[in-house]
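Inside the fold
Here is what each chain is made of, one letter per residue.
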Amino acid sequence: MSADQAQFQQLLVSLLSTDNDVRQQAEEAYNNLARELKVTHLLGNIQNGQQSEEARQMAAVLLRRLFTTEFLEFYKEIPAESQNQLLQQILLAVQQDVTPQLRRKICEVVAEVARNLIDEDCNNQWPDVLQFLFQCANSPNPQLQESALRIFTSVPSIFGNQEAQYIELIKQMLAKSMDASSDAEVRVQAVRAVGAFILFHDKEKEAAIYKHFADMLPRMIHITGETIEAQDDQCLLKLLIDMTENCPKFLRPQLEFIFEVCMKVFSSQDFEDSWRHLVLEVMVSLSENAPAMVRKRADKYIVALIPLVLQMMTDLDEDENWSTTDVVDDDDHSDNNVIAESSLDRLACGLGGKVVLPHVMASLPAMLSHADWKHRFAALMAISAIGEGCHKQMEAILDEVMTGVLNFLIDPHPRVRYAACNAIGQMSTDFAPTFEKKFHSQVIPGLLSLLDDVENPRVQAHAGAALVNFSEDCPKNILTRYLNGIMDKLESILNSKFKELVEKGNKLVLEQVVTTIASVADTCEAEFVAYYDRLMPCLKFIIQNANSDDLRMLRGKTIECVSLIGLAVGREKFIGDAGEIMDMLLVNHTEGGELADDDPQTSYLITAWARMCKILGKQFEQYLPVVMGPVMRTATMKPEVAMLDNDEVEDIEGDVDWSFINLGEQQNFAIRTAGMDDKASACEMLVCYARELKEGFAEYAEEVVRQMVPMLKFYFHDGVRTAAAESLPYLLDCAKIKGPQYLEGMWLYIYPELLKVINTEPEPEVQTELLNSLAKCIETLGPNCLNEEAMKQVLDIINKYVVEHFESADKRLAARNEEDYDDGVEEELAEQDDTDVYILSKIVDITHALFQTNQASFLPAFEQVAPNFVKLLDPSRSAADHQWGVCVFDDLIEFCGPACAPYQQIFTPALLQYVCDKSPEVRQAAAYGCGVLGQFAGEQFALTCAQIIPLLVQIINDPKSREIENINATENAISAFAKILKYNKSALTNVDELIATYFSFLPVSEDGEEAVHIYDYLCDLIEGNHPVILGANNCNLPRIVSIIAEAFCTKVVEAQSQTGTRMLTIVKQVESNPEVMAACASTLSPEQQQALQDAYRELASVATA
């Protein structure tokens, strides 16, 4: 043995050392070795039978890791002969007589090399490995058979572009290996290989592959069942879970048998909990990923499963200190009750309320009346868990559910009272605001009474938390009725718990009460002023003095509370304390210190500064130099990421700070998600600064843009991408003050990346924000902001999204004809449709922005997208398509004026047809189009306007036209009627008669934008002393005054607006004749009279200012 080899063997021994210093020195020495030397020695040690088992395994692991990151660089550097020798040596290593553990690791080395030698065109550049696979699979040696299957499992793409010609051989190899006559380990590995192969294939190929391998599924499930029965190796059960998530349709033929096997295990106490958890996961995952299939084919198993899940939820430990502990640990996600509760939630969301709710409700009475507290606790937690998934069905029986829950706020056991609070808090969120409107008189007193449960601080705190949920979505007019009682209670607890903190160090309830006060203030807004002076001294004291590490969370929550109170009571009340509070919030950043990375105060501070910015406006600019550092640091925080193999993932799988994405073929992408929410929050705060401060933020705009644009591709967190997209138009607005050249430079930096990510963004929620951002950027920048290339890209985006909209609609149509189609599928399809339509609306916003800014000069470019928008108007398409299709042509008419004429053959029939459509949204869009046609399109459309008038009368006079769902469409029709009379009446023969008809349509009360046009026209007619409006001897004046008073009463017109001022001037003229005014006033309601007085005051205050 050479000295080098001996030295390397010693290095391997040192790498295995338990002594940190020895191991670190060895790692350093290993890292400094040349790559070729590493490969030679590692391969030599794997093959060296004299070396220890641990060292050989370590050598195999290191070689595989080296090949994962650097194989191709290394391989290309060595001569062809050496390449062939290397590949032969690797295959020889598999054939050695070694332990199963070492063989497995050697197979992973082979797999890694094979993976690297498949090129971009899917050519396998190592044909010998394919030959080797078949030789091993056909060998009489079970170890070699297993090795072939392991390699195939790790690299199911190993056949590359030759897969189709090998498909029969592959199938034969796998079928033979699963045969009952094969070795047990070989059978298991064969199932893993089939699973890996099925999972590897993408959606386009799935149908053909599923069909080809369908006859192997029964054997796969049978072998999986054998491993479960033996309680030996969980790998096949975990594979089955993977398949339920990624290819549930492949499992369809064996669905009942899978449930049969899983229910047998789950219902038995003979199996360890880890096995029961896994089979439960199989059933829950199938319910989530193939709900229609489960509802149709496995319903009887769900009936039996739900009571068993509820039973598992009762598996709780007694803990006499539970209710008095001051430090609450997070739930252990491996506990039976936690897993069961999560599973019930997922079953409800997956299968829906029709399936799940009846079976839960059937079990609840016995559980709620059970003598054992654990059953009562589990029943209440079940109610919390199913609210989201069973929303529709549960809402119908809320009274019945709540009658049960409320009784348990006074249960003798503290954990049951806690669970009752939990159920109320969850339902407050799930069923808002219906829940708050129906149950406020029972819930608020019930929770306030539990806030007195001083013997059980944990229950006390949870009552406060439930009150937060309730107040967040409670209508202000309801919560303010209870404000005195709530605040007396919270203030009393704040004072007593503050004293307890000082004397005993207890802070759990105090932290919660501070949060509850903040939530109540946030809802009650100005009504909270009465409590401001009583609370603020104590809250300021906490911020100033809670400086120890154990009080960081308390200080953070108090900072949140104070800023929310400031926002609630308004600038006028808060301004006296604002400076002092800002100084307190900045103390850590102005005195040379910085908060630690894991300090919980950071997120509270960042959001509090944004609230202070909203309150102080321009006055906040002075604090920017201090706050921008920490906010930018958090916003630009980089996540920890790693590429891990399956073994490495298993080592840290339970760590809640990490998330994993399985990339297939032994590769997993890991990201440390801790801190990502703070990053997103910081990005949102930057949006707030740019929006609120405008040019006052200009000095920071460039720095922020340079961070935000790259974060459009921050795929680890949707919130970060959303905030980055939202920020861009505001940052452009900030930069306007620096001149057009600077602004153009910023836009040139933004738009290429923005357009690129719009094409690649995978999440619909983020897509809509990106599209919205593009539209707002165009509006902010004005005409000609897109050069020829950029305009082409934008038009491509528009076409791409509209075509995808049509394709999605076709897929939904096909889904309605599938064998598993049912009501639950229809609900899912309806949700998908809503998402699609929302995205379509954002595309229309982009065309709106282009028409608004470029007007008729956009028409040549519009020709390239027009055909898809014309398709939206086709009578066979949905109401939503008609609505948004009409909106596009509304914009074309409004912003292009007479130049819209080339499209009249398209939009004229559409407006005439859809203005009478049964859908209110379609009618509204068409009515608006009729109005802008009259206002902007010119004399050439006079005859069309005459055709429109009787249609408008028809829909305005419909008996249901003023009902809530129709009112906006109706008021748009009235506005269109007024616009045609005002701007395009040359083809009308009976104008006076139509003016009388228009007068009969008034007042309007809902649509503020259209009210301006409707009432401006009224003012024109009155100021012109039009006899039809004034009536004989001015007999219509009382009606005119009543119409104007109602406009101010419903706030559809602002007193300070031009239209409002004209209307008030008319009333003043009437007032100049006291007798006439008295007659008019006698027709007004007290509310209308008050509204007129308020409008006068508003106008006077503006004039004084």
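Cut-offs and rules
- Residues numbered from 1 in each chain as written.
- Predicted model: local features only at pLDDT ≥ 70, side-chain atom pairs only at ≥ 80, totals over all residues.
- Heavy atoms only, no water.
- Helix = DSSP H or I, 4+ residues; strand = E, 2+ residues; numbered from the N terminus.
- Expected span 1.5 Å × (residues − 1).
- Buried < 20%, exposed > 50% of the residue type's maximum accessible area, 1.4 Å probe, protein only.
- Phe/Tyr/Trp six-rings, centres within 6.5 Å; stacked < 30°, edge-to-face > 60°.
- Lys NZ or Arg CZ within 6 Å of the ring centre and 35° of its normal.
- Axes fitted to C-alpha atoms, helices over the stretch in contact; angles between N-to-C directions.
- Parallel < 35°, antiparallel > 145°, perpendicular 65-115°, else oblique.
- Left-handed = near helix turned anticlockwise from the far one by under 90°.
- Contact = heavy atoms within 4.5 Å.

Given a rise of 1.5 Å per residue, 17 residues ought to cover 24 Å, and the 24 Å separating the end C-alpha atoms of helix H23 (residues 414-430) matches this to within 8%. Across the 17 residues that make up H23, a large majority, 15, are buried.

With that settled, the discussion passes to the environment of Asp452. With respect to the helices and strands, Asp452 occurs in the loop between helix H24 (434-450) and helix H25 (457-472). On the accessibility criterion, Asp452 (44% relative accessible area) is partly exposed. A sequence separation of 131 residues divides Asp452 from Asp583, and the C-alpha atoms of the two residues are 35 Å apart.

Turning our eyes to something else, we now look at the packing of aromatic side chains. According to the stated counting rule, one finds 34 aromatic pairs in the structure shown. Considering the side-chain rings of Phe134 and Phe159, the 5.7 Å spacing of their centres and the 45° angle between planes classify their relative orientation as tilted. Pair noted here: Phe134 is in helix H7 (residues 127-137) and Phe159 is in the loop between helix H8 (142-154) and helix H9 (163-178), with a separation of 25 residues, a long-range link. With respect to burial, Phe134 and Phe159 carry one shared label: buried. Through successive ring pairs, a cluster of aromatic residues spans Phe134, Phe152, Phe159, Tyr166, Phe197 and Phe213. We note Lys738 situated over the ring of Tyr742; from NZ or CZ to the ring centre the distance is 5.0 Å. When the ring centre of Tyr801 is taken as origin, the NZ or CZ atom of Lys800, which lies over that ring, is 4.6 Å away.

Following both chains from N to C, one finds helix H36 (residues 698-711) and helix H37 (residues 718-735) inclined at 150°, their axes separated by 9 Å at the closest point. One finds that H36 runs roughly antiparallel with respect to H37. For the pair H36 and H37, the sense of crossing is left-handed. Seen from H36, the contacting residues are Ala698, Ala701, Val704, Val705, Met708, Val709 and Met711; seen from H37, they are Val720, Arg721, Ala724, Ser727, Leu728, Leu731 and Cys734.

For the rest of this paragraph, the subject is the environment of Glu827. In this fold, Glu827 is placed in helix H41 (residues 823-854). Under the relative-accessibility criterion, Glu827 is labelled partly exposed at 40%.

Turning next to unusual backbone geometry. Following Ala432, the chain continues to Pro433 via a peptide bond in cis, the omega torsion being -10°. You can see Pro433 is positioned in the loop between H23 and H24. Between Leu1002 and the following residue, Pro1003, the backbone shows a cis peptide bond with an omega angle of 5°. When you line up the elements, Pro1003 lands in the loop between helix H49 (991-1001) and helix H50 (1008-1023). One non-glycine residue, Glu525, adopts positive backbone phi at about 50°. Among the structural elements, Glu525 can be located in the loop between helix H28 (508-524) and helix H29 (529-545). With relative accessibility at 39%, the residue Glu525 sits in the partly exposed group. At Asn1033, a position not held by glycine, the phi torsion is positive, near 55°.

Purely geometric numbers; function is a separate question.
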